[in-house]
Each structure stands twice: as structure tokens, then as C-alpha cells.
Amino acid sequence: MLSLAKNTNLLVMFLLELGVLASVGYWGFVAGQNLPVKLLLGLGGPALFIAIWAVFGAANGATIPLTGAARVLLEVLWFGGGAMALVMAGRLAPGLVFAAVYVVNAVLRLIWNQ
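Before going into details, it helps to say that this report is about the structure given with it. As the structure is a prediction and not an experimental result, all values here were calculated from the model. (Residues numbered from 1 in each chain as written. Predicted model: local features only at pLDDT ≥ 70, side-chain atom pairs only at ≥ 80, totals over all residues. Heavy atoms only, no water.)

1. A closer look at the packing of helix α1 (residues 2-31) against helix α2 (residues 35-56)
Contact pair α1 / α2: the axes reach a minimum separation of 6 Å and the direction vectors enclose 150°. Taken as axis vectors, α1 and α2 run roughly antiparallel relative to one another. Helix-helix and strand crossings are classified by hand; for α1 and α2 the assignment is right-handed. Between α1, through Met13, Glu17, Val20, Leu21, Val24, Gly25, Trp27, Gly28, Phe29, Val30 and Ala31, and α2, the contact on the second element is made entirely by Lys38, Leu39, Leu41, Gly42, Leu43, Gly45, Pro46, Phe49, Ile50 and Trp53. Residue composition of the contact of α1 with α2, grouped by class: 15 nonpolar, four polar and two charged. (Axes fitted to C-alpha atoms, helices over the stretch in contact; angles between N-to-C directions. Helix = DSSP H or I, 4+ residues; strand = E, 2+ residues; numbered from the N terminus. Parallel < 35°, antiparallel > 145°, perpendicular 65-115°, else oblique. Left-handed = near helix turned anticlockwise from the far one by under 90°. Contact = heavy atoms within 4.5 Å. Nonpolar A, V, L, I, M, F, W, Y, C, P; charged D, E, K, R; others polar.)

2. With respect to the side chain of glutamate 75
Mapped onto the fold, glutamate 75 is located in helix α3 (residues 68-88). A polar contact of 3.0 Å, which involves the side chain of glutamate 75, links it to the side chain of tyrosine 102. Residue contacts for glutamate 75: discarding those within four places in its chain leaves Met13, Trp53, Gly80, Tyr102 and Arg109. (Polar contact = N/O pair within 3.5 Å; in protein donor to acceptor, adjacent residues only side chain to side chain.)

3. Topic: unusual backbone geometry
One non-glycine residue, asparagine 113, lies in positive phi territory at about 55°. With respect to the helices, strands and loops of the structure, asparagine 113 is situated in the segment after α4 (92-111).

4. Section: the pattern of salt bridges
Summed over all chains, the structure comprises two salt bridges. Here the salt bridges share partners, and the residues they tie into one network are Arg71, Glu75 and Arg109. (Salt bridge = Lys/Arg side-chain N within 4 Å of Asp/Glu carboxyl O.)

5. What to know about the side chain of glutamate 17
Along the polypeptide, glutamate 17 turns up in helix α1. If sequence neighbours within four positions are ignored, glutamate 17 has contacts with Trp53, Trp78 and Phe79.

6. Here we look at the packing of aromatic side chains
Within the structure shown, the criterion is met by five aromatic pairs. Arranged with centres 6.3 Å apart and planes meeting at 85°, the rings of tryptophan 78 and phenylalanine 79 form a pair that is edge-to-face. Since its relative accessible area comes to 1%, phenylalanine 79 is described here as buried. In this structure an aromatic cluster arises from ring pairing among Phe49, Trp53, Trp78, Phe79 and Tyr102. (Phe/Tyr/Trp six-rings, centres within 6.5 Å; stacked < 30°, edge-to-face > 60°. Buried < 20%, exposed > 50% of the residue type's maximum accessible area, 1.4 Å probe, protein only.)

7. Some remarks on α1
Over its 30 residues, α1 extends 42 Å from the first C-alpha to the last, a length consistent with the 44 Å expected when each residue adds 1.5 Å. Buried-residue contacts for α1 involve α2, α3 and α4. (Expected span 1.5 Å × (residues − 1).)

Below you can see the structure in the form of C-alpha cells.
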């Protein structure tokens, strides 16, 4: 049973990663004043987040994998950025829920050494 919970928590982590990209993209398309800016922010924002995660955060393929406090800072900025993007796009409740799910997920990963 614990194994199922741990695997579910890893799935939630993956879904949160996708959620960050969707949130940043949504923010970009909402924040832009005209089509070119919407496209730049809506596609460029997630692309920037993908690049940062690929270099520093990807579980099995990061170019420069971070550990310890640096990893914690990366995650807080990454997932906090996703939550903040929702808030800045006028979606306060989803942004708060996103942040809360991340915190629970992070605590469980810490407890379970994931």
C-alpha cells in the first residue's frame, strides 16, 4: 500500500511539472496585449521554464543536476512560478491550490526520500 502511495506521489510530481508549463503558458496568453506578445509570452514562457528544468531539475537527465539547498530553491522558484503565473493571470484560487498541492507533494517526497 505504501508503494502505491509513493508511486502516486511521483505521478503527482510529474503532473505538477506539466501544470507549471500550462500555467505559465496560460499566463502568457492572458497577459499579452496583442497577438505577437501573446505568442511570445504564451510560448516563450514555457520554453524558458522547460530549458531551466532540463538543465537543472530533470530527474534522470539534468545537465547540471542540483542537490540540497540549491534543489530546494530551484523547486520553490519553479513550482512557485507556476502558482504565481496563475495568480497573475487572475486565477487566485487555482494558484493557491496549485501551491498547496506542491507543498504536500514536496513534504511527502522528503519523508519518503524520493
